[in-house]
Amino acid sequence: MSENNDELIKAQNELIGILFEIIKRLQSNNDLDAEYFKIISKKIRTENQNLRLEQITKEREENAEIVSRLLKQIESN
């Protein structure tokens, strides 16, 4: 019985960790969206701003891929 409880607690802790990471990545994308729209709304952008837009897009894609993998991990367990 104690062994089952230990396994259950371990599984719950893993799930909480995964959910925390998902929330962190989604919040990061939300923050990146705000920055993206602030830059994209400018009529004239500097080269640095254009580079930042590319970085934001890359970061958002990476976050989305990680969230997708984590959700699949939850699904498979």
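Coordinates for the structure precede this section.
Residues numbered from 1 in each chain as written. Predicted model: local features only at pLDDT ≥ 70, side-chain atom pairs only at ≥ 80, totals over all residues. Heavy atoms only, no water.

A. Region of the structure containing the pattern of salt bridges. According to the stated counting rule, one finds five salt bridges in the structure shown. We note a salt bridge from R60 to D33, for which the minimum N-O separation is 2.6 Å. On the criterion of sequence distance, the pair formed by R60 in helix 2 (residues 47-76) and D33 in helix 1 (residues 2-40) is long-range, its members being 27 residues apart. A relative accessible area of 31% means that R60 is categorised as partly exposed. The exposure class of D33 is partly exposed, given its relative accessible area of 22%. We note a salt bridge from R52 to E59, for which the minimum N-O separation is 3.1 Å. (Salt bridge = Lys/Arg side-chain N within 4 Å of Asp/Glu carboxyl O. Helix = DSSP H or I, 4+ residues; strand = E, 2+ residues; numbered from the N terminus. Buried < 20%, exposed > 50% of the residue type's maximum accessible area, 1.4 Å probe, protein only.)

B. Seen up close, the environment of D31. The topology assignment puts D31 in helix 1. Assessed through its relative accessible area of 45%, D31 is described here as partly exposed. The spatial distance from the C-alpha of D31 to the C-alpha of G17 is 21 Å, given a sequence separation of 14 residues.

C. Here's a closer look at helix 2. Its 30 residues give helix 2 an end-to-end C-alpha distance of 44 Å, which sits within 8% of 44 Å, the value for a rise of 1.5 Å per residue. Listed in full, the buried residues belonging to helix 2 are Q49, L53, I56, N63, I66, V67 and L70. Here the buried face of helix 2 lies against helix 1. (Expected span 1.5 Å × (residues − 1). Contact = heavy atoms within 4.5 Å.)

D. Helix 1, seen in detail. Taking 1.5 Å of rise per residue, 39 residues should cover 57 Å, and helix 1 covers 56 Å from first to last C-alpha, within 8% of that figure. Within helix 1, the full set of buried residues consists of I18, E21, I22, N29, L32 and I39. The secondary structure elements touched by the buried residues of helix 1 are helix 2.

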